[in-house]
Structure formats: C-alpha cells, structure tokens
Amino acid sequence: MAEEAGDVDVLVANAGVGVRRDALEDVTREDWHAHLAVNLTAPFLLAQRLAPGMRERRFGRIVFMSSVAAFTGGIVGPHYAASKAGLHGLTHWLASRFAGSGVTVNAIAPALIEDTGMLPGGSEELARRVPVGRLGTPAEVADLTLAVIRNGYITNQLIGIDGGMFPH
Ligand SMILES: NC(=O)c1ccc[n+]([C@@H]2O[C@H](COP(=O)([O-])OP(=O)(O)OC[C@H]3O[C@@H](n4cnc5c(N)ncnc54)[C@H](OP(=O)(O)O)[C@@H]3O)[C@@H](O)[C@H]2O)c1
C-alpha cells in the first residue's frame, strides 16, 4: 500500500462496522470475526505497513477510531465493544515503541454521533442519555481528530468525545 500511496505521514483508521445484537446468544461467530476483522485487524495491518516509514522519516500520526463502547460496553454488542477495546492495547503498544521517533499514536473514542451510518438521523431517547443533552456531530469528531494530528505532544492517549458519558 505504501508503494501505491507513496509516503504516508498520517493514518486515520476510521472505517468500522457495528451491527447491533441485543442478547449475548444472538452474536454469531461470523459477527464476531467480521467485527474483529474490520475494527481491529485492518487498523493493525495498516499501522504495521505504514508505521515503519513514519519512523524512518521521523514524523507520523496514527489515529484509531475507537468508541465509548470500549470503556462502557455500549449499546451495539460485545463483538463491537471488544473489537474497539483491542484498539486501545494496540495504541499503547505502538505509542510506547514509536514515541521517540516523532510518531504519535492515539485512539479517539466517540459516543452517539448523529448523521452517520451507525446513527442515521437523530434520536431523542439516545440524546437523553448524554450529559450534555444532545448527540455529537461528525464535525466535532473531525475537529478533535485534526487537533490530535496537529499536536506532536499528545501520544498514547485514549481520548473521549462523548458529551460527558464516560469521564476519563
Ligand atoms: N456514529 C457513532 O455514533 C460512532 C460512535 C463511536 C464510534 N464510531 C466509530 O466511528 C467510525 C466511523 O463510523 P460512522 O459512524 O461514521 O459509520 P459509517 O457512516 O457507517 O462509516 C463507516 C465507514 O467504514 C467503512 N467500512 C465499513 N466496512 C468496511 C470494509 N470492510 N472495508 C472498507 N471500508 C469499510 C464504510 O465504507 P462504505 O461506506 O464504503 O461501506 C464507511 O465509510 C467507526 O469506526 C465507528 O465504529 C461511531
């Protein structure tokens, strides 16, 4: 991929899936593997491919898109929560190895972001669960992501953007 894309300085591993399952027994093995593949294995493979070049050039930014579900369990299901929690271990491992090379590694953990594939439209019922009283917006997540990318002194962090749902 680095061959196709050239030098990659910034990786934002944002792609994710979250198919809701309300009961433990409803989570199939296929559900489990599909969520791990997209939400955890793909970010790992991207980082594995791109981080060495960042280290060589002594600059890089890696941001994994996690979820508040990694801390609280969330509403999608155990397959989703576990896949996102795995990103946190990956963040810590990578950040500690690459910090001295100008490469920062962080995870952003949103909750309940409106107008997304996972949460199309709004939901008053869900908004009531958020301390600030409303859902988040994609622009607010993008703004935080850009701030993390701009900043060379934030690394090894799990950063919540959740309207106060989970205090870190
Ligand atoms: N929305 C929320 O409230 C919320 C809360 C916490 C965390 N997140 C996280 O935020 C990230 C973005 O989610 P979103 O809410 O914006 O959902 P979304 O609108 O459904 O976006 C998900 C993105 O992932 C891509 N994707 C899914 N499976 C893929 C695959 N196998 N290969 C390549 N691309 C794939 C989709 O591409 P296509 O459109 O081509 O399918 C889409 O661009 C996810 O990691 C999600 O877990 C979202």
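The paragraphs below set out a description of the structure included in this document.

**Brief notes about the site of the ligand**
In the neighbourhood of the ligand, 16 residues make up the surrounding shell, with N14, Y80, I113, T116 and G117 lying closest. In this structure, an oxygen atom belonging to the ligand sits 2.7 Å away from a side-chain N or O atom of Y80. A distance of 2.9 Å separates an oxygen atom of the ligand from a polar side-chain atom of K84. In isolation the ligand has 890 Å² of accessible area, and contact with the protein removes 56% of it.

**Observations regarding the sheet that holds strand β3 (residues 103-110)**
Pairing within the open sheet is parallel, and its 4 strands lie in the order β1-β2-β3-β4. Strand pairing shows two members of the sheet lacking a second neighbour, β1 (10-13) and β4 (158-161), which therefore form its edges. Sheet twist, expressed as the mean angle between neighbouring strand axes with direction ignored, is 20 degrees. The pairing of strand β2 (residues 60-65) with β3 spans 6 bridges and is classified as parallel. Note on β3: the bridge partner recorded for F64 is A107. Here helix α2 (residues 29-57) sits on the sheet and contacts β1, β2 and β3; the angle it forms with β2, its principal contact strand, is near 165 degrees. Docked against the sheet, helix α6 (residues 138-150) engages β1, β2, β3 and β4, running at close to 150 degrees with respect to β2.

**Concerning a nonpolar patch on the surface**
On the surface, V10, V12 and F59 cluster together into a nonpolar patch covering about 200 Å² of accessible area. Examined against the element boundaries, V10 turns out to sit in strand β1.

Cut-offs used in this document
- Residues numbered from 1 in each chain as written.
- Predicted model: local features only at pLDDT ≥ 70, side-chain atom pairs only at ≥ 80, totals over all residues.
- Heavy atoms only, no water.
- Near = heavy atom within 4 Å.
- Polar contact = N/O pair within 3.5 Å; in protein donor to acceptor, adjacent residues only side chain to side chain.
- Areas by Shrake-Rupley, 256 points an atom, 1.4 Å probe, with all protein chains shown as cover.
- Pairing = 2+ DSSP bridges.
- Helix = DSSP H or I, 4+ residues; strand = E, 2+ residues; numbered from the N terminus.
- Axes fitted to C-alpha atoms, helices over the stretch in contact; angles between N-to-C directions.
- Contact = heavy atoms within 4.5 Å.
- Patch = residues over 30% accessible without salt bridge, like charges linked within 9 Å, V, L, I, M, F, W, Y side chains within 5 Å.
- Salt bridge = Lys/Arg side-chain N within 4 Å of Asp/Glu carboxyl O.

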